[in-house]
Amino acid sequence: MSHFTYVNGKLHAEQTALDRIAAKFGTPTYVYSRASLTENFLAYASACQMHGRGQQGALVCYSVKSNSNLAVLNLLSKLGSGFDIVSGGELERVIAAGGDAKKVIFSGVGKSRDEMRLALTHDILCFNVESIPELHRLNEVAASMGKRARVSLRVNPDVDPKTHPYISTGLKENKFGIAFEDAIPTYRVAASLPQLDVTGIDCHIGSQLLDDAPLLEALDKVIELVDQLQDIGINLHHLDIGGGIGITYDQELPVAVGDYLSRLFTRIDNWRAARHNGKSITVLFEPGRSIVGNAGVLLTEVHYLKHGGNKNFAVVDAAMNDLMRPAMYEAWHGVKTVNERTAQAKVYDVVGPVCESGDWLARDRSLAIEPGDLLAIMSAGAYGMTMASNYNTRGRAAEVLVDGDQFRLIRKREKSSDLFALENI
Ligand SMILES: *Cc1c(COP(=O)(O)O)cnc(C)c1O
């Protein structure tokens, strides 16, 4: 259910009219719905419970890079979430937000020694390792600290997720993961290293997947490896199927999370019954977009309307530095007027003030607007604020969390002085 709906001609987040937020905190501002975040997380957590996997049998590790605001992390942590991080900075955020480091898994191809040390200090659940040199480095760092590191290997199941090439990660030609055929020898290396405990296997094949067939195909390949590993005496405690479930930006119809998890757990249960006397294996998930994507919008104000020869432009105060996805992936975001107007609509490209032709947020949209109107760029909760930059010395947007008819600032708008505070003449 969407928590961004029109009530009496005004677009609301839950029971809060978006123009109240703009009046109080200005624009551009990211606005998130607490109810929506909660529901989207619980879609995973309840499906795990329904399939008999409580605290021990499954763990949802929210992908921090999709939206890393402390208030978002704090909310998800209170709901029981673990976290999938890709940097030491994200680990520090999780801890600052009150998250449990023992529920953190560390993904990514390029972990530094300092990041490994930080994660070992906090005794994270698992390192998702992507190469043999990384195994050696982790072993060394752990040895220098007198600690052991739990590891999972990210394998590349070579299935086509049928999504945008920039967000597809599980094909042979991607930089991510260990090639399927190298998995067993790499596990042998991992098992031979004295400071490493081999505990799991993981994969993540891509993002914005609408169908779960590629994920289930990846699961089958992972299952095959778990069995082969058992045959050589390497017993895994968990399997991690990654994230990747898509959301509706326009007309897309993504698989329901509950249906996907139901099919996944059925396969896992059948396999465990057939090959492992029913002995269970813990299942991890790393969802990002499907939890936060449709829980947020970017609120912006129309500065100017330019009616050109064959194009009309609506120049707004949000730009590619605030929301990179259109410039980076030609992503489509819905655009809604905060106050519904009945006036004549025109077709506009919605563009920002940044000095780049790639600075657009939406193209060819029919909108009835005037300068000063507020627009909501929809489905902007994931990979919006976390990809924002300060290009053109633009301070990043404010962030607001709505709860019913209440709302509060969860990140102040950046001032110019914040942007050059670390610089010297
Ligand atoms: C980005 C990422 C995710 C989250 O992907 P979504 O498509 O947002 O669900 C999960 N795992 C890894 C390793 C990632 O890099």
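Residues numbered from 1 in each chain as written. Predicted model: local features only at pLDDT ≥ 70, side-chain atom pairs only at ≥ 80, totals over all residues. Heavy atoms only, no water.

Trainee: What's the story with the sheet that holds strand S1 (residues 4–7) in this structure? I'm lost.
Mentor: Each strand in a sheet pairs with another by means of backbone hydrogen bonds, the pair being arranged parallel or else antiparallel. Pairing is antiparallel across the open sheet formed by 3 strands, whose spatial order is S1-S2-S3. Unpaired on one side and paired on the other, S1 and strand S3 (16–17) mark the two borders of the sheet. Judged from the 4 bridges that link them, S1 and strand S2 (residues 10–13) form a sheet pairing that is antiparallel. The residue of S2 that forms the bridge with Phe-4 is Ala-13. (Pairing = 2+ DSSP bridges. Helix = DSSP H or I, 4+ residues; strand = E, 2+ residues; numbered from the N terminus.)

Trainee: What is the right way to look at the packing of aromatic side chains in this model?
Mentor: Each aromatic ring pair is summarised here by two numbers: the centre-to-centre distance and the angle between the ring planes. Applying the stated rule across the entire model yields 6 aromatic pairs. Relative to Phe-83, the ring of Tyr-62 has its centre 6.4 Å away and its plane inclined at 80°; by these criteria the two rings are edge-to-face. Of this pair, Tyr-62 sits in strand S5 (residues 58–63) while Phe-83 is found in strand S6 (residues 82–85), placing the two residues 21 residues apart along the sequence. Looking at Lys-221, its charged tip hangs above the ring of Phe-180, at a distance of 4.8 Å from the centre. (Phe/Tyr/Trp six-rings, centres within 6.5 Å; stacked < 30°, edge-to-face > 60°. Lys NZ or Arg CZ within 6 Å of the ring centre and 35° of its normal.)

Trainee: In this structure, what is going on with the side chain of Arg-53? I would like to understand it.
Mentor: Secondary-structure assignment places Arg-53 in the loop between helix H2 (34–50) and S5. Here Arg-53 falls in the buried class, since its relative accessible area comes to 7%. Among the polar contacts listed, one links the side chain of Arg-53 to the backbone oxygen of His-51, at a separation of 3.3 Å. (Buried < 20%, exposed > 50% of the residue type's maximum accessible area, 1.4 Å probe, protein only. Polar contact = N/O pair within 3.5 Å; in protein donor to acceptor, adjacent residues only side chain to side chain.)

Trainee: Sorry, what's going on with helix H4 (residues 88–96) here?
Mentor: Side chains that are three or four residues apart share a direction in an α-helix, a result of its 3.6 residues per turn. Those residues of H4 not exposed but buried are Gly-88, Glu-90, Leu-91 and Val-94. For H4, the buried positions fall inside an angular range of 155° around the axis, keeping them on one side. On the buried face of H4, the contacting elements are helix H3 (70–78), S6, strand S7 (104–106) and helix H5 (113–121). At the C-terminal side of H4, Gly-98 shows a positive phi close to 90°. (Arc of directions from axis to C-beta. Contact = heavy atoms within 4.5 Å.)

Trainee: Please explain the confidence of the model for the chain as it appears in this structure.
Mentor: Low-confidence regions, as indicated by low pLDDT, have predicted coordinates that should not be scrutinised in detail. Chain-level pLDDT for the chain is 95 on average; 97% of the residues reach the 70-or-more range. The lowest-confidence element of the chain is helix H11 (residues 325–329), averaging 95 in pLDDT; the highest-confidence one is strand S4 (residues 29–33), averaging 99. (pLDDT = per-residue confidence, 0-100.)

Trainee: Mind showing me how you'd approach the side chain of Ser-379 here?
Mentor: By secondary structure assignment, the location of Ser-379 is in the loop between strand S19 (374–377) and strand S20 (398–403). Residues in contact with Ser-379, not counting those within four places in the same chain, are Ile-247, Thr-248, Tyr-249, Gly-293, Asn-294, Gly-296 and His-333.

Trainee: Any chance you could explain the domain arrangement of the chain here in plain terms?
Mentor: Interfaces are often described in size by the accessible area the parts lose on coming together. Taken domain by domain, the chain consists of domain 1 (4–32 + 293–419) and domain 2 (34–290). One C-alpha centre belongs to domain 1, the other to domain 2, and the line joining them spans 33 Å. With 22 residues of domain 1 in contact, the opposing surface of domain 2 contributes 22 residues. Taken together, both faces of the contact between domain 1 and domain 2 bury some 2,000 Å²; the carbon and sulfur share is 54%. When the buried surface of domain 1 facing domain 2 is broken down by residue, Tyr-329, Trp-332 and Tyr-383 rank first, second and third, together holding 29% of it. Counting the contacts that link domain 1 with domain 2 gives 1 salt bridge. Between Asp-403 and Arg-34 there is a salt bridge; the shortest N-O distance is 3.9 Å. Where domain 1 meets domain 2, there are 12 residue pairs in polar contact (both at pLDDT 80 or more). Those elements giving two or more residues to the side of domain 1 that touches domain 2 turn out to be H11, S20 and strand S21 (406–411). The greatest single-element share of the side of domain 1 that touches domain 2, amounting to 4 residues, is contributed by S20. Among the residues forming the side of domain 1 that touches domain 2, the class breakdown is 10 nonpolar, 7 polar and 5 charged. (Domains from an automatic or database assignment. Buried area = accessible area lost by both parts, 1.4 Å probe. Salt bridge = Lys/Arg side-chain N within 4 Å of Asp/Glu carboxyl O. Nonpolar A, V, L, I, M, F, W, Y, C, P; charged D, E, K, R; others polar.)

Trainee: How should I be thinking about the environment of Leu-264 in this particular structure?
Mentor: Within the secondary structure, Leu-264 is located in helix H9 (residues 257–275). Considered as a pair, Leu-264 and Arg-20 are 244 residues apart in the sequence and their alpha carbons are 43 Å apart.

Trainee: What should I look at first to understand the pairing of strand S17 (residues 346–351) in this one?
Mentor: Remark: a regular strand shows side chains that alternate across the two faces of the sheet. Here 3 bridges tie strand S15 (residues 312–316) to S17, and the two strands are oriented parallel to one another. When the bridges of S17 are listed, Phe-313 appears paired with Asp-349. As paired elements, S17 and strand S18 (residues 360–367) share 5 bridges and run antiparallel to each other. Note that in S18 the partner of Val-347 across the bridge is Ser-366.

Trainee: Before we go on, may I ask you to explain the site of the ligand in this structure?
Mentor: Taken together, 14 residues lie near the ligand, and Lys-65, Ser-207, Glu-286, Arg-289 and Tyr-383 sit nearest. The separation between an oxygen atom of the ligand and a polar main-chain atom of Gly-288 is 2.9 Å. Burial of the ligand by the protein chains amounts to 93% of its free accessible area of 390 Å². Of the residues belonging to the shell around the ligand, the class tally is 2 nonpolar, 7 polar and 5 charged. (Near = heavy atom within 4 Å. Areas by Shrake-Rupley, 256 points an atom, 1.4 Å probe, with all protein chains shown as cover.)

Trainee: Please explain the pattern of salt bridges as it appears in this structure.
Mentor: Tallied over the full model, the rule gives 17 salt bridges. The partner of Arg-275 in a salt bridge is Asp-227, and the shortest N-O contact between them spans 3.1 Å. You can see Arg-275 sitting in helix H9 and its partner Asp-227 sitting in helix H8 (residues 213–231), a full 48 residues away along the chain. If you follow the salt bridges from partner to partner, you end up with Lys-311, Asp-349 and Asp-364 in one network.

Trainee: It is not clear to me how the environment of Val-7 should be interpreted in this structure. Could you clarify?
Mentor: Of note, Val-7 is situated in strand S1. With a relative accessible area of 35%, Val-7 lands in the partly exposed category. Here the alpha-carbon distance between Val-7 and Ala-17, two residues 10 residues apart in the chain, equals 8.2 Å.

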